[in-house]
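Structural overview
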Amino acid sequence: MDLIHNNDINVFSENFSVPEKSYLKIIIAWIIFGILATVIEILQTFFILGAILFLFIEHRKKRWPKSIIGLKKNAFRQDMKNNWWLILMVGFGTQILAISLIVWFSPQTIIHIVNRLPLLVDGSINMLSVITLFIMLIFSTLGEELVFRDLLQNRLGWYIPPIAANLIISILFGVLHYSPGIIAIVLFDIVPIIIDSVIYGLLWDRTKNIVIPWIAHWLADWIGLVCLLILI
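What you are looking at is a predicted structure, and each value in this text was computed from that prediction instead of being measured.

Conventions used here
- Residues numbered from 1 in each chain as written.
- Predicted model: local features only at pLDDT ≥ 70, side-chain atom pairs only at ≥ 80, totals over all residues.
- Heavy atoms only, no water.
- Salt bridge = Lys/Arg side-chain N within 4 Å of Asp/Glu carboxyl O.
- Buried < 20%, exposed > 50% of the residue type's maximum accessible area, 1.4 Å probe, protein only.
- Core = buried A, V, L, I, M, F, W, Y, C linked by side-chain atoms within 4.5 Å.
- Helix = DSSP H or I, 4+ residues; strand = E, 2+ residues; numbered from the N terminus.
- Contact = heavy atoms within 4.5 Å.
- Phe/Tyr/Trp six-rings, centres within 6.5 Å; stacked < 30°, edge-to-face > 60°.
- Patch = residues over 30% accessible without salt bridge, like charges linked within 9 Å, V, L, I, M, F, W, Y side chains within 5 Å.
- Areas by Shrake-Rupley, 256 points an atom, 1.4 Å probe, with all protein chains shown as cover.
- Axes fitted to C-alpha atoms, helices over the stretch in contact; angles between N-to-C directions.
- Left-handed = near helix turned anticlockwise from the far one by under 90°.
- Nonpolar A, V, L, I, M, F, W, Y, C, P; charged D, E, K, R; others polar.

**Considering the pattern of salt bridges**
Under the criterion given, the structure shown has four salt bridges. A salt bridge links R155 to D150; its shortest N-O distance comes to 2.7 Å. Put simply, D205 and K208 hold a salt bridge, and the shortest N to O gap is 3.6 Å. Of the residues examined, K208 reaches a relative accessible area of 27% and is grouped as partly exposed. One network of salt bridges, with partners in common, ties together E58, D150 and R155.

**A closer look at the nonpolar core**
The nonpolar side chains of a soluble globular protein tend to be buried with one another. Of all hydrophobic cores here, the largest spans 28 residues; its most connected members are F47, F148 and L152. Those elements giving two or more residues to this core turn out to be α2 (24–39), α3 (43–62), α6 (127–156), α7 (162–175) and α8 (183–207). The greatest single-element share of this core, amounting to six residues, is contributed by α6. In this structure F47 touches W30, F33, G34, A37, V147, F148, L152 and L176, once residues within four positions along its chain are discounted.

**Describing the packing of aromatic side chains**
Summed over all chains, the structure comprises 12 aromatic pairs. Residues F33 and F47 carry aromatic rings whose centres are separated by 5.7 Å and whose planes lie at 85 degrees to one another, so their mutual orientation is edge-to-face. Highlighted residues: F33 in helix α2 and F47 in helix α3, separated in sequence by 14 residues. Look at F33 and you get partly exposed, because its relative accessible area is 23%. We classify F47 as buried; its relative accessible area is 1%.

**Remarks on a nonpolar patch on the surface**
On the surface, L97, L101, V103, W104, F105, I230 and L231 cluster together into a nonpolar patch covering about 760 Å² of accessible area. For the nonpolar patch, the leading source of residues is helix α4 (residues 76–105), giving five residues. Within the secondary structure, F105 is located in helix α4. On the basis of relative accessibility, which here comes to 61%, the residue F105 falls in the exposed class.

**Observations concerning the packing of α6 against α8**
Geometry of a packed helix pair, given as the angle between the helix axes and the separation of the axes. Put simply, α6 and α8 touch, their axes get as near as 11 Å, and they point 65 degrees apart. The two elements α6 and α8 cross, and the hand of that crossing is right-handed. Residues E145, R149, Q153 and N154 of α6 touch α8, and the partners they reach there are S197, Y200, G201, W204 and D205. The class makeup of the residues in the contact of α6 with α8 is two nonpolar, four polar and three charged.

Following this line, the structure appears as structure tokens:
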């Protein structure tokens, strides 16, 4: 473990103590809300935006250290240096592998994925829609990482082993991308998303720097979108 990360842990321990287990009820409530959002699609927007608002209010009210919400700009270069290979693996490796397996074994999944992308669902692809989607990815991936890594995985990891927290939240993350269809196609769609989320969660556990999994997440979605545009 590098010196910068050691210093961050020392600052964390000196300025923060894990809340009582009653706080765990809040995290469980957000997880249940997320599960409901998989069934009632309109709740997904409220789930993401509401969680971000909760984080903001919580930070202002409790005055926890900024490191609690993963704002560690001084550690960015070192975190990138230590984890670039994981970022490239999830950004390029898992995306290309997943797309290749889908093309070989379940090509219908490509249409299934495209149908849940709002700017491509009608089949009309133009430069404006692609640029808009790329820009949307910047903000959507940041929002998702704040919610799933900062609010859910991080805080759940205060009470259970971090590996278990990562797996639980990654499954929730994958299920939230559910779109109705044949079970085999749905699995080809969701399982790679869960695997990607586990890697984002690993990046979070290794750095506690929200920017690192955000970069990995945005890169993965960007490369995945390029692969889709090539295939459709």
